[in-house]
Every structure is written in structure tokens, then in C-alpha cells.
Amino acid sequence: MTTLVAYASRYGASQGIAERIGARLADAGLPVDVRSVSDVADPAVYDAFVIGSAAYMGSWMKDARDFTRAHRAVLSTRPVWLFSSGPIGTATTDSRGRDVVAAAAPKEFGELATAIGARDQRVFFGALDRSKLRGAHRVMATLPAAGKLFIEGDFRDWEAIDAWADGIARELGAPARSEG
Ligand SMILES: Cc1cc2nc3c(=O)[nH]c(=O)nc-3n(C[C@H](O)[C@H](O)[C@H](O)COP(=O)(O)O)c2cc1C
């Protein structure tokens, strides 16, 4: 029973979340592979999946969308969990009073989760290092409005990520974790 944690990540923040989830599942005694979605040759060899991607401009990254849609037939017969990384910053509500985590759900999340019967879909805070930005992202970060949107820092909530991973481990039959 091997679980695949597959990710799409432009600058490494979502990859870090995927690796953390993978390590947590492995700690719980579950066999696990952590790979970029573009490095997965045959998903059918896995028994369960965690699929995650950064959100850009309101969407999951194309590689993650394509992977999930292309392998819908396999995914819909196995337990699958989805996560997204972004928003960034420390605010919990935005200027319109909306919960920033709820508002950051990529627009395809609902459709993809329904198509494959995902057990859960979760948005985690992400990370941004302006010096890593490339191409159009680098240009966008120089625009006057960017200051408020491109908040630099690592906002990943490892406690929340670990707790989510532990819930997945339990659902996959790992024994309850003893802390300490
Ligand atoms: C150009 C740009 C656009 C972004 N758009 C969104 C967005 O629409 N929603 C969101 O929640 N986060 C957004 N973010 C934040 C990223 O999703 C966040 O930094 C994420 O953790 C990056 O993951 P990665 O390093 O794996 O690519 C954006 C960041 C940049 C640089």
C-alpha cells in the first residue's frame, strides 16, 4: 500500500509542504513516494494519493490540473486528498472581510475534488521569496500594487500541515501517533 504525494511547485514552497506530508506519513509507518507531478510515470501503481499545488492568479498550476484530469479514472477509485498553497501574509481576513484561506481556494478545486471523489481538499498558507521570482512574476512584483499582495516571508503552518497529514495517516490505517 504505497501513497504518492505529488506536487506542482514553481519556487519550492509547495514542494516543501509535500515533502513534509510525505515525511509525516513515512513516520507513521506508511510506504510513501514524494514526486513532482511531471515525474510520475504510472499513477496506477499507487494505492492512495495526496496531490498539491501552489495557487497562482486564482488557479492551481497547470501541471497539477492536467495530472488530476488525465488520471481521473485511476484517482476516482482510490483515496485522494488535495491541497493548495497560497495565500501569503498573516492576515486572516481580506479587505472585503472574507476569510483569506477560503478565498484562496483555487477555482478548479471544487470541480477536481468532485471529479475524483477527493476525501478532503485543504488550503495552506504558502511562502514567497521575491528574489526567486522569474519571468512575468518578477515583473508583477515590481508593479505599484504589488507591495500589498506580494508579502515576503514563509507563512507555512507546519502544525496545521502535520495535523492534516496525521489525519490522512489514520484514514490509511496507520496506528494513532503517540506524541513525546
Ligand atoms: C505572481 C503570483 C501570483 C500569486 N497568486 C496567488 C493566488 O491567486 N492565490 C493565492 O492564494 N496565492 C497566490 N500567490 C502566492 C503563492 O501561491 C505562494 O507564494 C505559494 O506558496 C508559492 O508556492 P511555490 O513556491 O510552490 O510555487 C501568488 C504568488 C505570486 C508570486
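Up top is the structure these notes are about.
So, here's what we can say about the structure. (Residues numbered from 1 in each chain as written. Predicted model: local features only at pLDDT ≥ 70, side-chain atom pairs only at ≥ 80, totals over all residues. Heavy atoms only, no water.)

Re the overall build of the chain
Which entries qualify depends on this criterion: We count a stretch as a helix when DSSP gives it H or I for four or more residues in a row; a strand needs E for two or more, and each element gets its number in order from the N terminus. Atoms considered for the radius of gyration are the C-alpha atoms alone. The globule rule reads 2.2 Å times the number of residues to the power 0.38. Between buried and exposed lies partly exposed: a residue is buried under 20% and exposed over 50% of the maximum accessible area for its type, with that area taken using a 1.4 Å probe on protein chains only. Contact between two residues is taken to exist if any of their heavy atoms lie within 4.5 Å; hydrogens are not considered.
Counting its secondary structure elements, the chain contains eight helices and eight strands. Over its C-alpha atoms the chain spans a radius of gyration of 16 Å, differing by no more than 12% from the 16 Å that the globule rule assigns to 180 residues. Structurally, the chain occupies a C-alpha span of about 50 × 40 × 30 Å along its principal axes. For the chain, buried positions account for 43% of its 180 residues. Restricting the contact set of the chain to residue pairs at least 6 apart, pairs at least 24 apart contribute 76%.

Thoughts on the pairing of strand β2 (residues 32-36)
Heads up, the rule is: At least two bridges found by DSSP between two strands are what make those strands a pair. Clockwise travel from the first strand over the helix to the second, with the strands pointing away from the viewer, marks a crossover as right-handed.
Judged from the five bridges that link them, strand β1 (residues 3-8) and β2 form a sheet pairing that is parallel. For Val5, the partnering residue across the bridge sits in β2 and is Val34. The β-α-β motif built from β1, the intervening helix α1 (residues 13-27) and the parallel element β2 has right-handed crossover chirality.

What about the site of the ligand?
Rule in force here: By convention in these notes, a residue is near a molecule or strand provided one of its non-hydrogen atoms lies within 4 Å of it. Think of a polar contact as two N or O atoms within 3.5 Å of one another; within protein, one of them needs to be a possible hydrogen donor and the other a possible acceptor, and neighboring residues in sequence only count if both atoms come from side chains. Residue classes follow a fixed rule: Ala, Val, Leu, Ile, Met, Phe, Trp, Tyr, Cys and Pro count as nonpolar, while Asp, Glu, Lys and Arg count as charged, and any other residue, Gly among them, counts as polar.
In the vicinity of the ligand there are 23 residues, among which Ser9, Ser14, Ala55, Tyr56 and Ala127 approach most closely. Between Tyr56 and the ligand, the recorded distance is 2.5 Å, taken from a side-chain N or O atom to an oxygen atom. A distance of 2.8 Å separates an oxygen atom of the ligand from a polar atom in the side chain of Ser85. Only α1, β3 (48-56), β7 (127-128) and α6 (135-140) provide two or more residues apiece to the shell around the ligand. The dominant element in the shell around the ligand, judged by the number of residues it contributes, is β3, at three residues. The residue makeup of the shell around the ligand, split by class, is 14 nonpolar, eight polar and one charged.

Some remarks on the side chain of His137
Turning to its location among the elements, His137 is positioned in helix α6. Apart from the residues lying within four places of it in its own chain, the contact partners of His137 are Arg10, Tyr11 and Tyr56.

Here we look at the packing of aromatic side chains
Note the threshold: Between rings of Phe, Tyr and Trp, where Trp is taken as its six-membered ring, a pair exists when centres lie within 6.5 Å; planes separated by under 30 degrees are stacked, by over 60 edge-to-face, and by other angles tilted.
Throughout the structure, instances matching the rule amount to six aromatic pairs. Consider the rings of Tyr46 and Phe49, whose centres lie 6.2 Å apart with planes at 70 degrees: the pair is edge-to-face. With relative accessibility at 7%, the residue Tyr46 sits in the buried group. Between Trp60 and Phe109, the ring centres sit 5.7 Å apart and the planes meet at 65 degrees, which makes this aromatic pair edge-to-face. One end of the pair, Trp60, is in strand β4 (residues 59-60); the other, Phe109, is in helix α5 (residues 109-116), and 49 residues separate them in sequence. With a relative accessible area of 1%, Trp60 lands in the buried category. Ring pairing ties together the aromatic residues Phe83, Phe124 and Trp164, which thus form one cluster.

A closer look at the packing of helix α2 (residues 62-70) against α5
Filter applied, for reference: Geometry is summarised by axes, namely lines fitted to C-alpha atoms with helices restricted to the contacting stretch, and by angles between N-to-C directions that run from 0 to 180 degrees. Orientation labels follow simple angle bins: below 35 degrees gives roughly parallel, above 145 gives roughly antiparallel, 65 to 115 gives roughly perpendicular, and whatever is left gives oblique. Two helices crossing with the near one rotated counterclockwise from the far one by less than a right angle form a left-handed crossing, whereas a clockwise rotation gives a right-handed crossing.
At a closest axis distance of 10 Å, the pairing of α2 and α5 adopts a crossing angle of 25 degrees. Our classification of the angle between α2 and α5 gives roughly parallel. Our pair here, α2 against α5, has a crossing hand that is left-handed. Facing Arg65, Thr68 and Arg69 of α2, the residues of α5 in contact are Glu111, Leu112 and Ile116. Residue composition of the contact of α2 with α5, by class: two nonpolar, one polar and three charged.

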